[in-house]
Amino acid sequence: MKNFLTIVVLILTFSLLSCDNGISPLPEQPEVSGFEGTIYFVSPWPDSIKRTYLVVFKNPLLQPSDFVITNLKFLSNEIPFGVQSYKFSSLDSAIIPVSPGPFEPGEYAYVAVAHQTTDELSLARKDWFVSGIYYSNNDTTKPGVLVIQENKMTRNVNIRVDFNNLPSQPPGG
């Protein structure tokens, strides 16, 4: 009987210490700054494409000199050839930034899907072709501004890619 009472006391003590607040929900964790969305590929992929990426530029691409590494704030890992859709998040690993984590809050002027037809990865503007652009508020007349707020994920940064109907290319292409 003494062993039984000891076991019951231990179980009750363990239960009380491990239950914390019973079945109440865990406290909400603050979100981190970033963005996520889906790229929809609505036409067949041309065989000439060697690699495809999601790119985010801080400042608009108004002249060839705007296409520089210091303006490029996000370069996704390579998007698999031939997919019909591709979900992405700034919290995923990427080429730029090197380590995943919160994305710097602010406004980003140019978000696009871009591809290359060269055998080797190149950062020369002439080797990049824009396949699809992020538009905000259904305004397809100009690239949408991606707004990242402090401790908040910007969702539904969706892009439609039609290889048969490419958007206007930035200068220098």
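Residues numbered from 1 in each chain as written. Predicted model: local features only at pLDDT ≥ 70, side-chain atom pairs only at ≥ 80, totals over all residues. Heavy atoms only, no water.

## Focus on the overall build of the chain
The cut-off we apply is this: Counting from the N terminus, the helices are the DSSP runs of H or I reaching at least four residues and the strands are the DSSP runs of E reaching at least two. For every residue, the accessible area obtained with a 1.4 Å probe (protein chains only) is divided by the maximum for its type, and the residue is called buried under 20%, exposed over 50%, and partly exposed between those limits. The contact criterion used is simple: two residues touch if any of their non-hydrogen atoms lie within 4.5 Å. All accessible-area figures derive from a Shrake-Rupley calculation using a 1.4 Å probe, and residue coverage is judged against the displayed protein chains alone.
Counting its regular elements, the chain contains one helix and 11 strands. When the elements of the chain are put in sequence order from the N terminus, they spell out α-β-β-β-β-β-β-β-β-β-β-β. Relative to its 173 residues, the chain shows a buried fraction of 36%. Residue pairs at least 24 apart in sequence account for 71% of intrachain contacts in the chain once pairs closer than 6 positions are excluded. Split by element, the accessible area of the chain, about 10800 Å² in all, is 57% carbon and sulfur.

## Examining the pairing of strand β3 (residues 72-76)
Cut-off, in case you're wondering: At least two DSSP bridges between two strands are needed for those strands to be called paired.
Counted residue by residue, β3 has four buried out of five residues, so it is predominantly covered. Pairing between strand β2 (residues 51-57) and β3: three bridges, direction antiparallel. Bridged to Val-56 within β3 is Phe-74.

## Observations regarding the nonpolar core
Quick note on the threshold: Grouping buried Ala, Val, Leu, Ile, Met, Phe, Trp, Tyr and Cys residues that are joined through side-chain atoms within 4.5 Å yields what is termed a nonpolar core.
Core analysis: the largest hydrophobic core is formed by 22 residues, its most contacted members being Phe-35, Ile-39, Phe-41, Leu-54, Val-111, Leu-146 and Ile-159. Those elements giving two or more residues to this core turn out to be β1 (34-41), β2, β7 (110-116), β9 (146-148) and β11 (159-161). Counting residues per element, this core draws most heavily on β1, which supplies three residues. Residues contacting Val-111, with those up to four places away along its chain left out, are Leu-54, Val-55, Val-56, Ile-133, Tyr-134, Leu-146, Val-157 and Ile-159. In this structure, Tyr-53, Val-55, Phe-57 and Ala-112 belong to the second largest nonpolar core, which totals 13 residues.

## Re the sheet that holds strand β5 (residues 94-96)
Within a sheet, adjacent strands bond to each other through the backbone by hydrogen bonds, running parallel or antiparallel. To be explicit about the condition: Helix axes are fitted only over the stretch in contact, all axes being lines through C-alpha atoms; the angle between N-to-C directions runs from 0 to 180 degrees.
Read across the open sheet, the five strands follow the order β5-β3-β2-β7-β8; overall the sheet is antiparallel. Either end of the sheet is taken by a strand with one partner, and the two such strands are β5 and β8 (129-133). Taking each pair of neighbouring strands and ignoring which way they run, the sheet shows an average axis angle of 30°. Where β7 lies against β8, four bridges are found, and the strand directions are antiparallel. Within the sheet, the bridge partner assigned to Ala-112 lies in β8 and is Ile-133.

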